[in-house]
Amino acid sequence: MPISLVTSPALWMFAAASCFAADVPRLDPVVIDPAVGKVCYAVTAADVNADGKLDIVAVSENRVQWYENPAWTKHVLLEDQTEKDNVCIAAHDIDGDGQVDFALGAGWTKIGTIQWITRGEHPADRWKVHFIGQETWLHRMSFADVLGTGRKQLIVSPLNKTVADGVRLTAFEIPKSPQTERWSPTILDQSLDRMHNHTHVGWNEDEVIDTVVASEQGVFAITRSASGEFTRTRVGAGAPGDKPADRGAGEIRTGKLADGRRFLATVEPMHGTHAVVYLPGAPGELWQRIVLDDTLKQGHAVCVADLDGAPGDEVVIGHREAGPGPVKGPGLYVFQAAVADGASWRKHVIDDGGDDGGVAVEDAVAADIRRRRPNRSRRWRAGDSKCQTLLESGTLSGPPRPISFGLRFWRCSTVISLRHGLALVSISLIASASLRAEAPLKLEAIANPAALVAEAADKADELGKALETPESYKDAVESVKQSASLVALIGQALAEHPEDSPLKKAGPSIRDAAIVVARAKAYEDAKAGLPKLQAALQGEVNSAATAEFDWAKITKMHPIMEEMNGRAAKFRRVIRRPKDPEVDSRHVMAIALAAVSTYADTHEVKNPDDLPQWREWATELYTHMTASASAVRAKDMEKAKEHFSAGMETCTKCHDKFQD
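Everything numeric here is computed off the predicted structure, so don't read it as measured data.

## Details of the overall build of the protein chain
Regarding its fold elements, the protein chain presents 8 helices and 33 strands. Here the analysis covers contacts within the protein chain between residues at least 6 apart in sequence; of these, 61% occur between residues at least 24 apart. About 25600 Å² of surface is accessible on the protein chain, with carbon and sulfur atoms providing 49% of the total.

## A word on the packing of helix α1 (residues 449–466) against helix α2 (residues 470–496)
Packing of α1 against α2 brings their axes to within 9 Å, and their N-to-C directions diverge by 160 degrees. With respect to their mutual orientation, α1 and α2 come out roughly antiparallel. α1 and α2 meet at a crossing whose hand is left-handed. Mapping the contact onto sequence places Pro 449, Leu 452, Val 453, Glu 455, Ala 456, Lys 459, Glu 462, Leu 463, Lys 465 and Ala 466 in α1 and Ser 472, Tyr 473, Ala 476, Val 480, Ser 483, Ala 484, Leu 486, Val 487, Ile 490, Ala 493 and Leu 494 in α2. Residues of the contact of α1 with α2, tallied by class, amount to 15 nonpolar, 2 polar and 4 charged.

## Section: the pairing of strand β10 (residues 113–118)
Within β10, 6 of the 6 residues are buried, leaving the element largely enclosed by the surrounding structure. The alternating pattern of β10 places Thr 113, Gln 115 and Ile 117 on one face and Ile 114, Trp 116 and Thr 118 on the opposite face, and all of these are buried. Pairing analysis gives 5 bridges linking strand β9 (residues 101–106) to β10, with the strands arranged antiparallel. Bridging from a neighbouring strand, Leu 104 pairs with Gln 115 of β10. Across 6 bridges, β10 lies against strand β11 (residues 128–134) in antiparallel orientation. What sits directly across from Ile 117, in β11, is Val 129.

## Section: the layout of surface pockets
Here the second largest pocket defines a volume of roughly 620 Å³. Surrounding the second largest pocket, 22 residues form its lining, Met 557, Met 561, Cys 651, Cys 654 and His 655 being those nearest its centre. Residue assignment for the lining of the second largest pocket shows that the elements contributing at least two residues are α5 (557–576), α7 (611–633) and α8 (637–658). Looking at the lining of the second largest pocket residue by residue, the classes come out as 12 nonpolar, 6 polar and 4 charged.

## Description of the sheet that holds strand β22 (residues 274–279)
Spatial ordering of the open sheet is given by β20-β21-β22-β23, a layout of 4 strands whose pairing is antiparallel. If you trace the sheet from one side to the other, it starts and ends with β20 (252–256) and β23 (288–293), each paired once. Between one strand and the next, the sheet's axes are offset by a mean angle of 30 degrees, whatever the strand orientation. Here β22 pairs with β23 via 5 bridges, running antiparallel. What sits directly across from Leu 279, in β23, is Gln 288.

## Thoughts on the pattern of salt bridges
Throughout the structure, instances matching the rule amount to 21 salt bridges. Two residues, Glu 563 and Lys 459, come together in a salt bridge whose shortest N-O distance is 2.9 Å. Of the two residues, Glu 563 is situated in helix α5 and Lys 459 in helix α1; the sequence distance between them amounts to 104 residues. For the residue pair Glu 563 and Lys 459, the accessibility class agrees, reading buried in each case. Between Glu 563 and Arg 567 there is a salt bridge, with the nearest N and O atoms lying 3.1 Å from each other.

## Focus: the packing of α1 against helix α6 (residues 581–600)
Where α1 contacts α6, the axes come no closer than 11 Å and their chain directions differ by 95 degrees. The orientation of α1 with respect to α6, classified from their angle, is roughly perpendicular. Touching Ala 451, Leu 452, Ala 454, Glu 455 and Asp 458 of α1 are Arg 586, Met 589 and Leu 593, all from α6. Residue composition of the contact of α1 with α6, grouped by class: 5 nonpolar, no polar and 3 charged.

## Examining the environment of Ala 595
Here Ala 595 is to be found in helix α6. Separated by 31 residues in sequence, Ala 595 and Met 564 place their C-alpha atoms 9.1 Å apart. Those residues in contact with Ala 595 that lie beyond four places of it in its chain are Leu 441, Ala 618, Leu 621 and Tyr 622.

## A word on the nonpolar core
Ranked by internal contacts, the top residues of the largest apolar core, which has 68 residues, are Ile 446, Leu 533, Trp 551, Leu 593 and Phe 644. Elements with a contribution of two residues or more to this core: α1, α2, α3 (507–518), α4 (523–537), α5, α6, α7 and α8. Apart from the residues within four sequence positions on either side, Ile 446 is in contact with Met 589, Ala 592, Leu 593, Val 596, Tyr 622, Thr 626 and Arg 633. If you look at the next biggest cluster of nonpolar residues, it comprises 21 residues, including Ile 94, Trp 108, Leu 154 and Ile 174.

## Side note on the side chain of Arg 224
Tracing the backbone through its elements, the reader meets Arg 224 in strand β18 (residues 218–224). The side chain of Arg 224 sits in the buried core without any salt bridge; Asp 210 is the nearest counter-charge, 5.8 Å away. At a separation of 2.9 Å, a polar atom in the side chain of Arg 224 contacts the main-chain carbonyl oxygen of Val 146. Not counting residues up to four positions away in its chain, the partners in contact with Arg 224 are Val 146, Leu 147, Gly 148, Val 208, Asp 210, Glu 229 and Phe 230.

## Quick notes on the pairing of strand β21 (residues 262–268)
Of all 7 residues in β21, 7 are buried, a share of seventy percent or more. Of the two faces of β21, the one carrying Arg 262, Leu 264, Thr 266 and Glu 268 and the one carrying Phe 263, Ala 265 and Val 267 are both buried. Relative to β21, β20 runs antiparallel, the two being bridged by 5 bridges. Bridged to Ile 252 within β21 is Thr 266. The turn linking β20 back onto β21 is made up of 5 residues, and Gly 260 within it adopts a positive phi angle of 95 degrees. Relative to β22, β21 runs antiparallel, the two sharing 5 bridges.

## Looking at the sheet that holds strand β13 (residues 153–158)
Pairing is antiparallel in the open sheet, where 4 strands are placed in the order β12-β13-β14-β15. The sheet is open, and its two borders are formed by β12 (138–144) and β15 (185–189), each paired with just one other strand. Within the sheet, the average angular offset between the axes of one strand and its neighbour, ignoring direction, is 25 degrees.

## Quick notes on α6
An ideal rise of 1.5 Å per residue puts 28 Å on 20 residues; α6 measures up with 29 Å between its terminal C-alpha atoms. In the structure, α6 departs most strongly from a straight axis at His 587, where the bend amounts to approximately 35 degrees. Of all 20 residues that make up α6, 18 are buried, and the element is covered over most of its length. The opening residue of α6, the one whose side-chain oxygen lies 3.0 Å from the backbone nitrogen of Glu 582, is Asp 580.

Cut-offs and rules
- Throughout, a residue's number is its position along its own chain's written sequence, starting from 1.
- For a predicted model such as this one, the threshold for reporting local features is a pLDDT of at least 70, and the threshold for listing and counting side-chain atom pairs is 80 or more; totals across whole chains, interfaces and linings nevertheless cover every residue.
- The side-chain values count all of the structure's non-hydrogen atoms but skip hydrogen atoms and water molecules.
- Put simply, DSSP H or I for four residues or longer makes a helix, DSSP E for two residues or longer makes a strand, and each gets a number counted from the N terminus.
- Throughout, a contact is declared for two residues whenever any of their heavy atoms are within 4.5 Å.
- Every accessible area reported is derived by Shrake-Rupley at a probe size of 1.4 Å, with residue values counting cover from the shown protein chains alone.
- Each axis is a line fitted through C-alpha atoms, and for a helix only the stretch in contact is used; angles between axes span 0 to 180 degrees, taken between their N-to-C directions.
- For classification, angles of less than 35 degrees are called roughly parallel, those exceeding 145 degrees roughly antiparallel, those between 65 and 115 degrees roughly perpendicular, and all remaining angles oblique.
- For any helix crossing, the convention is left-handed if the near helix is rotated counterclockwise from the far helix by under a right angle, and right-handed if that rotation is clockwise.
- Charged residues are taken to be Asp, Glu, Lys and Arg, nonpolar residues to be Ala, Val, Leu, Ile, Met, Phe, Trp, Tyr, Cys and Pro, and polar residues to be all remaining types, Gly included.
- Burial classes: relative accessible area under 20% of the type maximum marks a residue as buried, over 50% as exposed, and values in between as partly exposed (1.4 Å probe, protein chains only).
- Strands are treated as partners if at least two bridges between them are detected by DSSP.
- For cavity detection a 1 Å grid was placed over the protein atoms alone, and a set of points counts as a cavity when a 1.4 Å probe fits there but cannot get out; an open set counts as a pocket when protein lies on both sides within 12 Å along at least five of seven lines, with lining residues being those that have an atom within 4 Å of a point.
- Grid points are joined across faces, edges and corners, and a volume is the space filled by probe spheres set on the points.
- We define a salt bridge as a contact between a side-chain nitrogen of Lys or Arg and a carboxyl oxygen of Asp or Glu at a distance within 4 Å.
- Throughout this description, the term nonpolar core refers to a set of buried Ala, Val, Leu, Ile, Met, Phe, Trp, Tyr and Cys residues connected via side-chain atoms within 4.5 Å.
- Counting rule for charge: Lys and Arg are taken as positive, Asp and Glu as negative, and neither His nor the chain ends is counted.
- Two N or O atoms count as a polar contact when they lie within 3.5 Å, although within protein this holds only if one can serve as hydrogen donor and the other as acceptor, and sequence-adjacent residues are included solely when both atoms are side-chain atoms.
- To estimate the expected span of a helix, subtract one from its residue number and multiply by 1.5 Å.
- One axis fitted to the seven residues ending at a residue, another fitted to the seven starting there: the angle between these axes is the bend at that residue.

Below you can see the structure in the form of structure tokens.
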């Protein structure tokens, strides 16, 4: 799957060449913009022109500019319209008109202005600046619903304290008329200092979105209680040191291990020397601190993304100056967990300083820059100032999957910001992290949510019987993997289905619980996962489960193919003796849903030139099976048989070409 990295202030792109190790790709650079500005503090990804593809947005000292996907043509949104220097940016549809806007932080070392910008009447116009507030030493910003109002707020964290005992971590509520009304501030915490960054996650086992911060005092979770009060809990020690500059943590991101647990990734101390991950400890205890690398200098960026397609996220670390280690940098590294519990990690070098001076990394974010979303965006019309629907930054989707890092670009969907430039990179691999794995084919054509729920319930009953005893599991282990794999796909389909349903919110929880059962290595593991699946099917929501998930990674290829074969055999009997149209149609519904997964999971395609054929056949299978299911529900068995037979012919062609 392709991943992309961007670095600043020159813009470079890194394209996939080969692999460092098992499945971690090697990236080669291509310069996109050699001079973003004197400095490039931040980058993000957003669909600026509403063509369904994420573009790259970079912030220089006096400009905001975007690079249009796929040719990366540069356009200037703002120039000399804010206090120098611009330092941070966050994308969101602020005024609710369906188009992406940006919050922007500027003049950060002087007065710290917070503003949001919106487009002019025509695409080529400079954007308009709207004042929000001031906060000296303003440094990072993001959008999240930390107040639990149902609408996202703008969260701002300054770098250094000014008027209080610590920096004022503040949430600004978006008013009904954001251009003219006051953005009401709520202080989440004001006790910590030297807060270099923050991030958001559902910290407790509920649906509340909380904030995790990195500061001189260490790593803290800022959580909201049911009564709306905010409390601070120290979870990570940070680097030890006698001086403020030598202790605590700087950058911070969250990720998931292969065993499903959350981890935290940091650079320590601020602008520091150590790349660190924290693993959950016992209740009430600090998390376990594991040092990944102690040879950085001016460590400044952390990105967490799934770069290798295997369970668990990787950690990307960037630093700005040459360090003391054997790989000096400045550069960019990937750390890959060597074991499922995250106790040890392997280091892979993306950029090592080299002859060109290396990538002095300022910022890093994960984003899918390749996937077009035709159903969620519309283009500009000639003479029309309003593009009609636009994806917000941060929702990433299906195959092929790029990542972007700051301002060199590495083709795996990762954007990177460097001190002196912007660059893009590209790798052939699937990246997830904050990536949203949107279904590549329409889910509403397959079935309504009620049919999906009924199928999942029947499969859960089958799993319950198969997992009654170790003996019953031994006899049915393959069918357990098949059934659980299908339920995992159903969970994701419920989460993304455009129709509302009682289990829409629980869809991600259904998916995650089913994945645990499907990939269990032993009876005890599968048995332990079943109650969580059953609870999710009753509507219980696990706040750690999010709708953002890569369809290519929901299930392994073999069990879902075997499930397809089994359902095809059952449907052949249905054709001869149909009974209940709703129940009968679910056999081909299951095959259509598996086709969505097959479209996304291209690891069987060894020659990139064969990818279009793979996807064409997956689409044909999906089309015929959805048509067959519709015909069954309409009691037109002749038409159902015709489409089913055509779909099976497509399967045969695909099998003949791609079977090893």
